[in-house]
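Structural description and commentary
Listed below, chain by chain, are the residues.
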Amino acid sequence: MSVLPLVFTSGWASGINAYAVVLLLGVFGATGLSDDVPETLQRPEVLVTAGVLFLCEAVADKIPYVDSAWDSVHTLIRPAAGAWVGAVLAGQSGSLNDAVAGLVGGSTALASHAVKAGTRMAVNTSPEPLSNVIVSLAEDLGVAGLVTFAIFHPQAAAIIAAVLLVGGLVILIFLISRIRRFLRRRAQRREEKRLAGRSGSPPGW
């Protein structure tokens, strides 16, 4: 059986929370629940690192504006993680070329990351922080549920991931105006900080 559906689903999930994907797959492999998980993902140092970074993301992802800063930092990390996970899954299976799997995982992760980052910008235009927590918890549960489902039903999980990805991209188009509002606010805040720094400088500076 081709590993492509699992690669696609893990790529989608990596674009939202790459550390959760690595941690979940590693735990499934280490506990013997799945034979499709490479030993690379089961190594203790990989699991510990992924666990610590997942906890960091779980906190940062629920704080307004901090979540968008975290997303900016992970613009390269999440697609790279999706490509890496896809490649190692293909290497374990032998049914798909590593480079093809890396391309599928990385490109899917990049697309879902764009949806996540854009949605968070739109959410951050709201004055209350509760929406950030709700969206973050929904993303965490969605990633955990779909990756778990993909281990046992990879084809069905891939179809769900594809629907979520397309739906997310469509929603992102409708949120463009709110995203622009967020970017204007962020630029305004930076300008205010810059002017405040100038006003606090010693005379002659």
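Residues numbered from 1 in each chain as written. Predicted model: local features only at pLDDT ≥ 70, side-chain atom pairs only at ≥ 80, totals over all residues. Heavy atoms only, no water.

The biggest cluster of nonpolar side chains holds 29 residues, and the ones touching the most others in it are Val-3, Trp-12, Leu-25 and Val-143. Mapped onto this core, the elements with two or more residues apiece are helix H1 (4–30), helix H2 (44–60), helix H4 (77–93), helix H6 (130–152) and helix H7 (154–174). Sort the elements by how many residues they give to this core and H1 lands first, with ten residues. Sequence-distant contacts of Val-143, defined by excluding residues within four places in its chain, comprise Trp-12, Ala-13, Ile-16, Asn-17, Ala-20, Val-21 and Leu-24. By size, the runner-up hydrophobic cluster in this structure holds six residues, among which are Ala-122, Leu-172, Leu-175 and Ile-179. (Core = buried A, V, L, I, M, F, W, Y, C linked by side-chain atoms within 4.5 Å. Buried < 20%, exposed > 50% of the residue type's maximum accessible area, 1.4 Å probe, protein only. Helix = DSSP H or I, 4+ residues; strand = E, 2+ residues; numbered from the N terminus. Contact = heavy atoms within 4.5 Å.)

In this structure the tally under the stated criterion is nine salt bridges. In this structure, the salt-bridge partner of Asp-61 is Arg-120, at a minimum N-O distance of 2.9 Å. One end of the pair, Asp-61, is in the loop between H2 and helix H3 (66–73); the other, Arg-120, is in helix H5 (residues 98–123), and 59 residues separate them in sequence. Owing to a relative accessible area of 2%, Asp-61 belongs among the buried residues under this scheme. The closest approach of N and O atoms between Lys-62 and Asp-140, which form a salt bridge, is 3.2 Å. Here Lys-62 is found in the loop between H2 and H3, whereas its partner Asp-140 is found in helix H6, with 78 residues between them in sequence. (Salt bridge = Lys/Arg side-chain N within 4 Å of Asp/Glu carboxyl O.)

On to the packing of aromatic side chains, then. Using the criterion set out here, one finds one aromatic pair in the structure. With a centroid separation of 6.3 Å and an interplanar angle of 85°, the aromatic rings of Phe-28 and Phe-152 are classed as edge-to-face. On the criterion of sequence distance, the pair formed by Phe-28 in helix H1 and Phe-152 in helix H6 is long-range, its members being 124 residues apart. Since its relative accessible area comes to 9%, Phe-28 is described here as buried. Exposure remark for Phe-152: the relative accessible area of 46% places this residue in the partly exposed category. (Phe/Tyr/Trp six-rings, centres within 6.5 Å; stacked < 30°, edge-to-face > 60°.)

Here H6 is 23 residues long and its end C-alpha atoms lie 34 Å apart, about the 33 Å a rise of 1.5 Å per residue gives. Of all the positions in H6, only Ser-131, Asn-132, Ser-136, Glu-139, Asp-140, Val-143, Leu-146, Val-147, Ala-150 and Ile-151 are classed as buried. (Expected span 1.5 Å × (residues − 1).)

These values are about where atoms sit, not about what they do.
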